[in-house]
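The chain contents come next:
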Amino acid sequence: MAVTQDSTSTLKQRNVKASGSSEATAPTLVAQTGKTWGRAREIGILTIIGSYITVLFAPLFVVYMWVSCDKYQCEILGPASKLLTYDLSDSKSWIAFLTDDFFPKPTAEGFYLYFGWLFFQAALYVFVPAKIGYGQETPAGLILPYVVNGLRAWFITHALFIAGSIGLGLFPASIIHDNWGALLISANVYGFFLAFFSYVKANLFPSHPADRKFSSSFIYDFLMGIEFNPRIGKWFDFKLFHNGRPGIVAWTLINLSFAAAQYNNIGYVTNSMILVNLFHLIYVLDFFYNEDWYLRTIDICHDHFGFYLAWGDSVWLPFLYTLQSHYLVRHPVDLSLPYTGAVLAVGLAGYYIFRAVNHQKDIVRRTDGNCLIWGKPAKVIRTEFATSDGKTRKSLLLISGFWGLSRHFNYVGDLMISLAMCMSCGTGHILPYFYIFYMTFLLVQRIFRDQDRCQNKYGHYWDQYCKAVPYKLIPYIW
Ligand code: NDP
């Protein structure tokens, strides 16, 4: 693997030696607050029931959305009303329903496409020249290096896709759209395999044993993950790879293919489809341009790798985050100029907030608080916390700029972009608005999860922070 150093990596390098002790077994993890921090370990019955429901119903939900679009023109209640017409006591009619009307069919082409794509992304991750980025201290006190080459992989993938389809005519640009049902099956096969493999790996051959977390519940461990940073070898990081490549690189590629399908159907691409593609493109390119920043967000710094991320990155993200373009293939919407302008304004304002807030946190952490925020020296609370190697570490919490307005103002920007993505589809149906409902649920739930985790990690420093910045999301409201 070709690797070059960047400036942030040298900044962090002095810390990396601390990660050399990765094979040590962790003593019980006790922060200065007397509590543990990191992923939850004490699980109540409601959490266990919730975990079973998630693992069983999330895949069915994705299939349901696929059926709604594929067979009922994205009418969200279509499959449910058909379901009600079946005689519950007649098992033959149920089986016919499931096989004929419900589940997508696997095909050899879908299988080759999906696994070809996956191996190609893995090859790009391993062989494309990369910078090295660093995460934050884990609960066991490790700071891990990461391969950061997502932007290059994104460009190579999209250039080859466009050259192969539109340029050389080797395959139709609508190929992803045309094989969507079969790809859903293949992605599920991989997502479930990866989740089980990660569970077994965590138990039998973990990458960093000191950072594992076990609860008394199999299903919770399976869902939320045991290993924090599972890897193959030193560099192939499961979390960064699966979130970024099969997940986020796919996002814009899928949209492009659905735009091509719309073109095939009606002879042009609607302004609504262009808008959806544009918003997703900005979001995805921002992610890869700032991939080093992503190493210090909750996904990488706090979530363990279980079904939630393994199956979520393989299936939930590519199949549900792109629903707007699936809808627009079935319902081409031509937006008026004023409406387009309003949607653009919401989306771009949201993007500005999203990027500016995230940048403030990143810069203040990278400069250890020695930077200007909104033209004035950053105001911070300097904190200490303990890791399971028995050491006390230092960090800081920014309390000025956007981070003085609320504790998660970056989520406000994200929700505005998400709303604009949905509004791009007009107001005819509810299905393309799934994304904003889901993002609201996801981010509000994250606020609660983050509150617990930071409280346990920082103790009285966190109380001080909450006093200085009392609002969670929207200033003066909540
Ligand atoms: P943040 O980037 O806000 O990270 C939260 C963490 O930052 C906390 O756990 C804490 O970690 C640290 N922190 C909290 N307050 C402060 C502060 N005042 N100063 C400095 N550090 C602080 O959250 P996410 O990782 O959830 O989100 C990152 C971005 O990604 C957001 O814009 C979000 O909207 C987006 N996102 C998008 C998703 C999608 O599916 N499209 C999903 C999730 C997020 P510690 O102190 O331990 O370092």
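Everything here concerns the structure above.
Reference entry: report on the structure contained in this document. (Residues numbered from 1 in each chain as written. Predicted model: local features only at pLDDT ≥ 70, side-chain atom pairs only at ≥ 80, totals over all residues. Heavy atoms only, no water.)

1. Examining the pattern of salt bridges
Here's step 1: Using the criterion set out here, one finds 15 salt bridges in the structure.
Here's step 2: For Asp70, the salt bridge is made with Arg330, and the minimal N-O distance between the two is 3.7 Å. Separated by 260 residues along the polypeptide, Asp70 in helix H2 (residues 45–72) and Arg330 in helix H15 (residues 323–330) bring together distant segments of the chain.
Here's step 3: With a shortest N-O distance of 2.7 Å, Arg355 and Asp286 are connected by a salt bridge. Taken together, the residues span a long stretch of sequence, with Arg355 in helix H16 (residues 337–366) and Asp286 in helix H11 (residues 271–289) at a distance of 69 residues.
Here's step 4: Judged by its relative accessible area of 5%, Asp286 is buried. (Salt bridge = Lys/Arg side-chain N within 4 Å of Asp/Glu carboxyl O. Helix = DSSP H or I, 4+ residues; strand = E, 2+ residues; numbered from the N terminus. Buried < 20%, exposed > 50% of the residue type's maximum accessible area, 1.4 Å probe, protein only.)

2. Thoughts on the side chain of Asn243
Here's step 1: Structurally, Asn243 can be placed in helix H10 (residues 238–266).
Here's step 2: For Asn243, a relative accessible area of 7% puts it in the buried group.
Here's step 3: Only 3.0 Å separates the side chain of Asn243 from the side chain of Tyr294, close enough to count as a polar contact.
Here's step 4: Apart from the residues lying within four places of it in its own chain, the contact partners of Asn243 are Ile248, Phe287, Tyr294, Asp299 and Asp313. (Polar contact = N/O pair within 3.5 Å; in protein donor to acceptor, adjacent residues only side chain to side chain. Contact = heavy atoms within 4.5 Å.)

3. Brief notes about the environment of Val148
Here's step 1: Summarising the element assignment, Val148 is placed in strand S3 (residues 145–148).
Here's step 2: Note on Val148: relative accessible area 10%, which makes it buried.
Here's step 3: Along the chain, Val148 and Tyr289 lie 141 residues apart, while their C-alpha atoms are 9.8 Å from each other.
Here's step 4: In contact with Val148, not counting residues within four places along its chain, are Ala130, Lys131, Gly133, Glu291, Asp292 and Leu295.

4. Looking at the packing of aromatic side chains
Here's step 1: Within the structure shown, the criterion is met by 47 aromatic pairs.
Here's step 2: Ring geometry for Phe218 versus Phe222: centroids 5.7 Å apart, planes at 25°, classification stacked. Within this pair, Phe218 and its partner Phe222 are both found in helix H9 (residues 218–224), separated by four residues, close to a single helical turn.
Here's step 3: A residue is classified by how much of its surface remains accessible, and Phe222, at 3% relative accessible area, is buried.
Here's step 4: Taking the centre distance of 6.3 Å and the plane angle of 35° together, the rings of Tyr351 and Phe354 count as tilted. Of the two residues, Tyr351 and Phe354 are both situated in helix H16; the distance of three residues between them amounts to about one turn of the helix.
Here's step 5: For Tyr351, a relative accessible area of 24% puts it in the partly exposed group.
Here's step 6: Overall, the relative accessible area of 7% leaves Phe354 in the buried class.
Here's step 7: One residue, Arg231, lies across the ring of Tyr146, its end atom 4.6 Å from the ring centre. (Phe/Tyr/Trp six-rings, centres within 6.5 Å; stacked < 30°, edge-to-face > 60°. Lys NZ or Arg CZ within 6 Å of the ring centre and 35° of its normal.)

5. Notes on the packing of H11 against helix H18 (residues 409–423)
Here's step 1: Two numbers describe how H11 lies on H18: the axes approach to 9 Å, and their chain directions differ by 155°. Put simply, H11 runs roughly antiparallel to H18. Crossing angle aside, the handedness with which H11 passes H18 is left-handed. Here Val276, Phe279, His280 and Tyr283 of H11 come into contact with H18, specifically with Asp414, Ile417, Ala420 and Met421.
Here's step 2: Considered class by class, the residues forming the contact of H11 with H18 number six nonpolar, one polar and one charged. (Axes fitted to C-alpha atoms, helices over the stretch in contact; angles between N-to-C directions. Parallel < 35°, antiparallel > 145°, perpendicular 65-115°, else oblique. Left-handed = near helix turned anticlockwise from the far one by under 90°. Nonpolar A, V, L, I, M, F, W, Y, C, P; charged D, E, K, R; others polar.)

6. A look at the pairing of strand S9 (residues 392–398)
Along any regular strand the residues' side chains alternate between the sheet's two faces.
Here's step 1: Extensive coverage of S9 is indicated by the burial of five of its seven residues.
Here's step 2: For strand S8 (residues 380–386) and S9, the ladder comprises seven bridges, and the chain directions are antiparallel. Considered in S9, the bridge of Phe385 is made with Arg393.
Here's step 3: Counting the residues in the hairpin turn of S8 and S9 gives five residues, including Gly390, whose phi is positive at 85°. (Pairing = 2+ DSSP bridges.)

7. Comments concerning the site of the ligand
Here's step 1: In the vicinity of the ligand there are 28 residues, among which Gln136, Asp414, Arg446, Asp450 and Tyr458 approach most closely.
Here's step 2: Within the side chain of Asn358, a nitrogen or oxygen atom sits 3.0 Å from an oxygen atom of the ligand.
Here's step 3: Between an oxygen atom of the ligand and a side-chain N or O atom of Lys457, the distance comes to 2.7 Å.
Here's step 4: Expressed as a share of its isolated accessible area of 920 Å², the protein-covered part of the ligand is 95%.
Here's step 5: Of all the secondary-structure elements, those providing two or more residues to the shell around the ligand are H16, S9, H18 and helix H19 (434–458). (Near = heavy atom within 4 Å. Areas by Shrake-Rupley, 256 points an atom, 1.4 Å probe, with all protein chains shown as cover.)

8. A look at unusual backbone geometry
Glycine aside, negative phi is the norm for most residues, and most peptide bonds take the trans geometry.
Here's step 1: Phi angles above zero are rare outside glycine, and Gln73 is one such case at about 55°.
Here's step 2: Residue placement: Gln73 occurs in the loop between H2 and helix H3 (78–84).
Here's step 3: For Gln73, a relative accessible area of 43% translates into the label partly exposed.
Here's step 4: Positive phi values are uncommon outside glycine, yet Asp368 reaches one of about 55°.
Here's step 5: With respect to the helices and strands, the residue Asp368 is situated in the loop between H16 and strand S6 (372–373).
Here's step 6: Judged by its relative accessible area of 42%, Asp368 is partly exposed.

9. Considering H18
Here's step 1: Taking 1.5 Å per residue as the helical rise, H18 with its 15 residues ought to reach 21 Å, and the 21 Å between its terminal C-alpha atoms agrees with that figure.
Here's step 2: With 13 of its 15 residues buried, H18 lies for the most part within the structure. (Expected span 1.5 Å × (residues − 1).)

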